[in-house]
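Listed here are the chains, written in short residue letters.
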Amino acid sequence: MSLDEDTRWLEWVTKQFESIAGEDKEIDIDEFKRALKVKESFFAERFFALFDSDGSSSISLDELLKALDLLIHGSETDKLRFLFQVYDVDGSGSIDPDELRIVLKSCLRESAISLPEEKLDDLTLVLFESADKDKSGAITFEELKAELESFPEVMENLTISAANWLKPPDLEQKKQNHTPRYLTRAYWHNNCRKLLFLCMYAFFSLMLFVNAMLQHSYGGGWYMVAKGCGQCLNFNCTFIMVLMLRRCLTWLRATWVVRVLPLDQNILLHQIVGYAILFYTLLHTSAHIFNFVQLSESSGFTLWEYLLTTRPGIGWVKGTASVTGVVLQFMICLMVLCSSTFVRRSGHFEIFYWSHLSYVWVWILLMVHCANFWKWFVAPGFVFLLEKIIGIAVSRMGGLYIVEVNLLPSKVTHLVIKRPQFFHFKPGDYVYINIPEIAKYEWHPFTISSAPEQSDCLWLHIRSMGQWTNRLYEYFRQLDRQTVSTKRLSVTLRKHRQLPKAKDEVFSSAKSNKAVAFNEDDAVTLMMYQQRSSGADVVSPATPESQVPPEPLLDELSPAERGEAPPLREVSAKFGDNHRFCNIKCYVDGPYGTPTRQIFASEHAILIGAGIGITPFASILQSIMYKYRRRKQNCPNCNYSWCENLKDSDMKLRKVDFIWINRDQKSFEWFVSLLTKLEMDQADEEPEGRFLEMHMYMTSALSKNDMKAIGLQMALDLLAKKEKRDSITGMRTRTQPGRPDWGKLFQKVSEEKKGKVHVFYCGSPALAKVIKAQCEHYKFNFYKENF
């Protein structure tokens, strides 16, 4: 830092210190924890002890400045020595295994990671053995430094939360003159269809407005404006319906039209037209009010008679134009308000749903209000009515039933619906579902998470985020409590005795199919996948045993009496608590297409799912791997497997990168068994690299460059390398802490040169903006799941 920057930093820290320390000008341990926003933290206590150099149980401004100067301005060696002192709990000058275990356990707590005690022991031993170069039974500072230097990404940016807490804002806050994103060449290149369509839409609206004004020039300025807006409303109130003809749009996605029109942006365009209707309505009403004011001065009617009565006789149906106009103004404003993101995303989707159904009354009132509206409405209205009739007919055919329910972590309800023979869909499609037991008249859209090749059933994974989804989860949770089988323990005992035999059968089957790098642990994982796909709720190897509900009768038996080998205790299955078979009537309307239908026309696809946003990609990944297996070849002599690098009409993909971002560890349990199965499907390495590459991220976990997580992340890396399995998910793909560095990730993809890159995203809108900006920079095509 320069002298000026150093002065600013000193002023900032002093100001922050005074706001925390209070009148005594000292920071005690409680104030220190509050500043770090923690209640109980091993690291907060260790940092406080090291900052408190005089042992007075409080930190003065001089002590704070000295410690922060070392952590922010100090060399790597200074920071590493501070880290060593944090790990050296007893201050002996070396770190023994018990101290390391204490630190790693605290790291797990800080990162919100839950692992069994046995796994914590494994992490401690693997890190200790790697760092203890001389096998002396203790880690010295030089050994810790040498171990950290083997992890260059850690050494690049070693930070500490306690230092960042009082680190001033970026000293380079002068905003550089960047070109606005909407004016860049990359933005216009990636959004050319949408921008061209919007220009055509704006031009057509302008022509309608001008033409209507000229035709009614005899009535004065305000009358001309009102008529111009009215003509635009005729067009927009019809066009907004065209944008929601889902069956027609799904059909058009399979034609050349998808390359010309922005069909994948229909929801965005629907919203834009909705706001345009609100604008034209307000302007139309205001213009008529000013016109009525002028008329009231030269006629025998008052302003209120013009607005709220039929006496002036304005309108083609018994002079009701003014009255219907007022009602329409109120209804349109209410629909737009209830359609706002705040309402839809705050758990009140039903408000949006029911208010939006008033579009039927809006169209009826528009026909009464305006003599020409029916001419605009008749053709699109006929198609819309036909779609609705077909939808009702299709949804009532076949007698669909929910046959299995699985209650997953984070209040996710997994529904298994018996699939009718006539129901055909594409990967990534969605349906509207109605469950009379939950709400008789409500239909809600959800992505199909099973693959089209799975012919017997449909999967839906539904996250509880609103009134209807919460009622759904609670309905099945209460149903589980009421219908617990009296013979649950007998069934569970039988299942436990079948586990070792099932593992052997799966292992033998996989070996007979010449699976490469397939071991008995993989057999356990595959068996778990098969049980999960059949509806059983299985505890993954990464799930702490303490989370498995106790079964007293089974626990009293020995492993031999249970017919169970001790290692299989970690993957014992639960039956009845969160999974049940059922026979509940439901109705399904669809399927409807989404932007993800473009995946199979891509050469290099990046699939990004945030949280439950994985659901469309669960279907897509299964379908991709099904097509991938069809292209696999086996040598009859040496049993070598490879995948033919052929492009066909069904799939042009050469590479798929799947990125799944979750907030916490439990969320990975939604689809971890499926992803594990997909990993095993391509266990053999291809000559050009893996066809499907997975990237897993856990945002609650502290990143590798945070001093509170360095030891844990190093240990997880070492153990994953040793066991060839991630400790968090049980998969071979290592779960990365924090959020992806999109710049580095997309740069790597760009350098692979596997063909034109298409990025498909499903998740929060905020993250979509970040990813879209990066896609525009690298000239990747971006598609966001919307319905």
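The numbers attached to residues start from 1 for each chain and follow its sequence in the written order. Under the rules for a predicted model, residues below a pLDDT of 70 receive no local features and side-chain atom pairs below 80 are neither given nor counted, while totals for whole chains, interfaces and linings still include all residues. With hydrogens and water set aside, each side-chain value is computed from the structure's full complement of heavy atoms.

Put simply, the rule is: UniProt positions are given in the numbering used here, feature names are shortened, and annotations may be inferred rather than shown by experiment.
The chain has the name NADPH oxidase 5 in an unreviewed UniProt entry, where Takifugu rubripes is given as its organism. Its UniProt record, at the heading Subcellular location (unreviewed entry), says of the chain: "Membrane".

**Focus on the nonpolar core**
Operational definition: What is meant by a nonpolar core is a set of buried Ala, Val, Leu, Ile, Met, Phe, Trp, Tyr and Cys residues, joined one to another through side-chain atoms within 4.5 Å. Think of it in three bands: residues with accessible area under 20% of the maximum for their type are buried, residues over 50% are exposed, and the middle band is partly exposed, with areas taken using a 1.4 Å probe on protein chains only. Working rule for contacts: check all heavy atoms of both residues, and any pair within 4.5 Å makes them a contact.
If you look at the biggest cluster of nonpolar residues, it comprises 90 residues, and the most contacted ones within it are F51, L607, F658, W660, L675 and L692. In contact with F658, not counting residues within four places along its chain, are L607, I614, F617, L621, L675, L692, E693, M694 and H695. Counting residues in hydrophobic clusters, the runner-up holds 36 residues, among them F239, L328, M331 and L366.

**Considerations on the packing of aromatic side chains**
Keep this limit in mind: Planes of paired rings set the category: under 30 degrees apart is stacked, over 60 is edge-to-face and the rest tilted, where pairs are Phe, Tyr or Trp rings (Trp by its six-membered ring) whose centres lie within 6.5 Å. Charge over a ring is defined by NZ of Lys or CZ of Arg lying within 6 Å of the ring centre and within 35 degrees of the ring normal.
Under the criterion given, the structure shown has 36 aromatic pairs. Sitting over the ring of F141, R81 keeps its end group 4.0 Å from the ring centre.

**With respect to the pattern of salt bridges**
The test is simple: Take a side-chain nitrogen of Lys or Arg and a carboxyl oxygen of Asp or Glu: if they are within 4 Å of each other, that pair is a salt bridge. Each helix is a run of DSSP H or I of at least 4 residues and each strand a run of E of at least 2, with the numbering of both proceeding from the N terminus.
Tallied over the full model, the rule gives 15 salt bridges. The salt bridge involving E693 is made with K655; its shortest N-O contact spans 3.1 Å. Taken together, the residues span a long stretch of sequence, with E693 in strand β14 (residues 692–698) and K655 in strand β13 (residues 655–662) at a distance of 38 residues. A relative accessible area of 22% means that E693 is categorised as partly exposed. Across the salt bridge formed by K748 and E693, the nearest N and O atoms sit 3.6 Å from each other. Of this pair, K748 sits in helix α30 (residues 742–752) while E693 sits in strand β14; the two residues are 55 residues apart in sequence, bridging distant segments of the chain.

**A closer look at the UniProt feature "domain: EF-hand" (unreviewed entry) in the chain**
Residues annotated by UniProt as "domain: EF-hand" (unreviewed entry) correspond here to residues 39–74, 75–110 and 119–154. Split by type, residues 75–110 is 72% helix and 0% strand. Its first and last C-alpha atoms lie 26 Å apart.

**A look at the sheet that holds strand β2 (residues 412–418)**
Defined as follows: When DSSP locates at least two bridges between a pair of strands, those strands are taken to pair. As a rule, the C-alpha atoms of each element are fitted with a line to give its axis, helices using only the stretch in contact, and angles between N-to-C directions run from 0 to 180 degrees.
The antiparallel open sheet is built from four strands, whose spatial order is β5-β2-β1-β8. The sheet is open, and its two borders are formed by β5 (457–463) and β8 (579–585), each paired with just one other strand. With direction set aside, neighbouring strand axes in the sheet form an average angle of 25°. With five bridges joining them, strand β1 (residues 401–408) and β8 adopt antiparallel strand pairing. Residue N406 lies in a different strand from β8, and its bridge partner there is H579.

**Concerning the sheet that holds strand β17 (residues 781–784)**
Pairing is parallel in the open sheet, where six strands are placed in the order β15-β14-β13-β10-β16-β17. Of all strands in the sheet, those with a lone pairing partner are β15 (735–737) and β17, marking the two edges. Strand-to-strand twist of the sheet, defined as the mean angle between neighbouring strand axes without regard to direction, takes the value 20°. Both strand β16 (residues 757–762) and β17 contribute to a ladder of four bridges, which runs parallel. Residue pairing in the sheet places F760 in a bridge with Y783 of β17. Here helix α31 (residues 765–778) sits on the sheet and contacts β10 (604–610), β13, β16 and β17; the angle it forms with β17, its principal contact strand, is near 165°.

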